[in-house]
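Coordinates in review
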Amino acid sequence: MMKTKVSELTFNSRALFEHQAILFNLKQDQIDEYLTGNIQEIADFNIEFGFRICENPECREIFNEGFLTEDSDTFCSTACAEKIIYNIEEDDYGTYIFYTEWEPGS
Ligand SMILES: [Zn+2]
């Protein structure tokens, strides 16, 4: 099932968002609003806070270490990447899809 709510995400995803939000001085009541809102709303912070959201609609987890494709798609894991992009092969790792860490501002 497709996830739309932040409350449907794992503890780790919510904790990562909250951690970054505190770092960037969001107020706790604002943070609580985002944590009970839609995933799409927190996506707007991805560059500033340095996280990405998995593009597998059934996953949507938030991470700052994961996989980036040449087409700028982002996935939390190889399993999610291979579920959405059917034709990824062994050789594509390191040439088309890269393990990546994101930092605030990137
Ligand atoms: Zn995923």
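Up top is the structure.
Every value quoted in this text rests on a predicted model; they were computed, and no experiment measured them.

Our next topic: the overall build of the protein chain. On a plain count of helices and strands, the protein chain comes out with five helices and five strands. Ordered by position in the sequence, the α and β elements of the protein chain form the string α-α-α-α-β-β-β-β-α-β. At 14 Å, the protein chain has a C-alpha radius of gyration in line with the 13 Å of a compact globule built from 106 residues. Taking the principal axes of its C-alpha atoms as reference, the protein chain extends roughly 45 × 30 × 20 Å. Sequence-distant contacts in the protein chain: of pairs separated by 6 or more residues, those separated by 24 or more amount to 55%.

Bringing the sheet that holds strand E5 (residues 97-101) into the picture now. The strands making up a sheet associate through hydrogen bonds between their backbones, and the pairing can be parallel or antiparallel. Spatially, the three strands line up as an open sheet ordered E4-E3-E5, and their pairing is antiparallel. Edge positions in the open sheet fall to strand E4 (74-75) and E5, since each of these has one partner strand only. Pairing geometry for strand E3 (residues 65-69) and E4, over two bridges, is antiparallel. Residue pairing for E4: phenylalanine 67 is matched across the bridge by phenylalanine 75.

For the rest of this paragraph, the subject is the pairing of E3. Note: E3 against E5, five bridges, orientation antiparallel. The partner of leucine 68 across the bridge, within E5, is phenylalanine 98.

The biggest cluster of nonpolar side chains holds 19 residues, and the ones touching the most others in it are Cys54, Ile62, Phe63, Phe75, Cys76, Cys80 and Ala81. Only helix H1 (11-23), helix H3 (39-43), strand E2 (62-63) and helix H5 (78-84) provide two or more residues apiece to this core. If we ignore the near neighbours within four places in the chain, the residues touching alanine 81 are Phe67, Phe75, Ile88 and Ile97.

Attention now moves to H1. Helix length check: H1 (13 residues) gives 18 Å between terminal C-alpha atoms against 18 Å at 1.5 Å per residue, within 8%. Taken together, the buried positions of H1 are Ser13, Phe17, Gln20 and Ala21. Taken end-on, H1 shows its buried residues confined to a sector of 105 degrees, consistent with a single buried face. In this structure, H1 carries Phe11, Asn12, Ile22 and Leu23 as exposed residues pointing more than 90 degrees from its buried face. Turning to H1, the residues buried within the fold contact helix H2 (28-35), H3, helix H4 (46-49) and E2.

Reading the values: the criteria
Residues numbered from 1 in each chain as written. Predicted model: local features only at pLDDT ≥ 70, side-chain atom pairs only at ≥ 80, totals over all residues. Helix = DSSP H or I, 4+ residues; strand = E, 2+ residues; numbered from the N terminus. Rg over C-alpha atoms; globule rule 2.2 N^0.38 Å. Contact = placed C-beta atoms within 7 Å. Pairing = 2+ DSSP bridges. Core = buried A, V, L, I, M, F, W, Y, C linked by C-beta atoms within 7 Å. Buried ≥ 20, exposed ≤ 12 C-beta atoms within 10 Å, placed from the backbone. Expected span 1.5 Å × (residues − 1). Arc of directions from axis to C-beta.

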